[in-house]
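# Understanding the architecture of this molecule
Given next are the chains, with one letter for each unit.
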Amino acid sequence: MRYEGSIYRPPSEARSYLLQVTLGCTHNRCTFCSMYRDKPFSIRPLDEVFEDIYMARKYYSYIDRVFLCDGDALCLPTDNLVAIMQKIKEVLPEVERINLYGSPGDVLRKSEEDLKLLASCGLQYIYIGAESGNDEVLKDIKKGYTRDQIIEAVQKIERCGIKASVTFIEGLGGREKSRQHAIDTGTMISKMGASYVGVLTLLVDPSAPLYKDIQEGKFELLTADEVVEESILMMENIDENMKPCVFRANHATNYVSLRGNLPQDKERFLAELKTAQANKFYRDERFRAH
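Before going into details, it helps to say that this report is about the structure given with it. (Residues numbered from 1 in each chain as written. Predicted model: local features only at pLDDT ≥ 70, side-chain atom pairs only at ≥ 80, totals over all residues. Heavy atoms only, no water.)

What follows concerns the pattern of salt bridges. Close approach of charged atoms allows side chains of opposite charge to pair. For the structure shown, the criterion picks out 24 salt bridges. In this structure, the salt-bridge partner of E226 is R175, at a minimum N-O distance of 2.8 Å. Note that E226 is positioned in helix 9 (residues 224–236) and R175 in the loop between strand 7 (163–170) and helix 7 (178–192), a separation of 51 residues in sequence. Taken together, the shared-partner salt bridges connect R2, R44, E48, E51 and D52 into one network. (Salt bridge = Lys/Arg side-chain N within 4 Å of Asp/Glu carboxyl O. Helix = DSSP H or I, 4+ residues; strand = E, 2+ residues; numbered from the N terminus.)

See below:
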């Protein structure tokens, strides 16, 4: 397969064929992120994308999942996305799901008719990095969107028949804003109505802008105890009447692994977090990784 630069995909897309339809990220300014610093954003020509689809058929006898890379493939014009998905279905008829990353802005710029069309062409999940439910933290990390805009985008995705998979990051408010980051993230999870919520823990690559702030003492990383305390506070602010969702906090960055559903597993999660905290049952720093 032909790829340019580093390639990233969500953990749940581990079995997917990765089809690069854009290069880089349209925003590429989030302070904690170093994923696409190695390449400027551009859109791959459709004929090259189609060539890659035919190449995939040549090398693989069976492909049931396709993930469209890079950072926010949803920024493509709807006509281009439809053409790509139709070509996938034509050349790889066994494909059951097509998913991609999207920014809140990508979602809000598209009409509901466009999103419903994409759903009818096979788009199942849009992955969105919300990062925090707190507006101050979102501003600090240069996310480019507010809490309300992210909630609006997630609700729009779900309303149009696509599932939203939304990611948050523990510790992203640093020690100064940890409490409000946790509370507002819990209330945001409750309000937005996503089908899937994932929580990671901050682990900063040296090439990310935030790393310099850490080195200069402008941003204080949380200890494992403080991260788990933040997780407990977030979970305590989950509304037990929220729309059910799949919940995962079992990424390699997390100190305590949680897997289940909200709100039904809220009390179990709280018990597991408090047990881990009391006994210091945390993932060793040596084994935490992106």
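As a further point, take the pairing of strand 4 (residues 65–69). For strand 4, the buried fraction is high: five of the five residues fall into the buried class. Side chains R65, F67 and C69 project from strand 4 onto one buried face, and the interleaved V66 and L68 project onto a second face that is buried too. Summarising the sheet, strand 1 (residues 17–20) and strand 4 pair through four bridges and their orientation is parallel. The partner of Q20 across the bridge, within strand 4, is C69. Note that strand 4 and strand 5 (residues 97–101) share four bridges and pair parallel. Directly across from F67, in strand 5, lies its bridge partner N99. (Buried < 20%, exposed > 50% of the residue type's maximum accessible area, 1.4 Å probe, protein only. Pairing = 2+ DSSP bridges.)

So, on to helix 1 (residues 46–59). Counted at 1.5 Å a residue, the expected span for helix 1 with its 14 residues is 20 Å, and the 20 Å between its end C-alpha atoms agrees. Among the residues making up helix 1, those that are buried are V49, D52, I53 and A56. The buried residues of helix 1 occupy an angular sector of 100° when the element is viewed end-on, so they sit on one face. Lining the buried residues of helix 1 we find strand 1 and helix 2 (78–91). (Expected span 1.5 Å × (residues − 1). Arc of directions from axis to C-beta. Contact = heavy atoms within 4.5 Å.)

Let us look at the state of the cysteines. Working definition: the covalent bond between the sulfur atoms of two cysteines is a disulfide. Overall, the coordinates contain zero disulfides when judged by the stated rule. For the unlinked cysteine C33, the closest cysteine sulfur is that of C30, found at 6.3 Å. Free of any disulfide, C75 has its nearest cysteine sulfur in C25, 8.7 Å distant. (Disulfide = S-S within 2.5 Å.)

There is a patch of nonpolar side chains on the surface, built from M1, Y3, Y59 and Y60 and spanning about 420 Å² of accessible area. Looking at the secondary structure, you find Y59 in helix 1. The class of Y59 is exposed, set by a relative accessible area of 55%. (Patch = residues over 30% accessible without salt bridge, like charges linked within 9 Å, V, L, I, M, F, W, Y side chains within 5 Å. Areas by Shrake-Rupley, 256 points an atom, 1.4 Å probe, with all protein chains shown as cover.)

Core analysis: the biggest nonpolar cluster contains 84 residues, and L19, L68, I88, M192 and F247 have the highest contact counts within it. When sequence neighbours within four positions are dropped, the list of residues in contact with F247 reads V197, V199, M234, M235, L258, R259, G260, N261, L262 and F269. Formed by eight residues, the second largest nonpolar core is a distinct cluster that contains L18, C25, F67 and Y101. (Core = buried A, V, L, I, M, F, W, Y, C linked by side-chain atoms within 4.5 Å.)

The next point concerns the packing of aromatic side chains. Applying the stated criterion across every chain, the model contains seven aromatic pairs. Measuring from centroid to centroid gives 5.1 Å for F67 and Y101, while their planes differ by 90°, and the two rings are edge-to-face. With F67 in strand 4 and Y101 in strand 5, this pair connects stretches of sequence that are 34 residues apart. Residue F67 shares its accessibility class with Y101, and that shared class is buried. Measuring from ring centre to ring centre gives 5.9 Å for F67 and Y127, while their planes differ by 75°; the resulting arrangement is edge-to-face. Here the residue F67 occupies a position in strand 4, and Y127 occupies one in strand 6 (residues 123–131), the gap between them amounting to 60 residues. Taken together, the ring pairs connect F67, Y101, Y125 and Y127 into an aromatic cluster. For K87, the ring lying beneath its charged end belongs to F50, and the centroid distance is 5.1 Å. We note R288 situated over the ring of Y255; from NZ or CZ to the ring centre the distance is 4.3 Å. (Phe/Tyr/Trp six-rings, centres within 6.5 Å; stacked < 30°, edge-to-face > 60°. Lys NZ or Arg CZ within 6 Å of the ring centre and 35° of its normal.)

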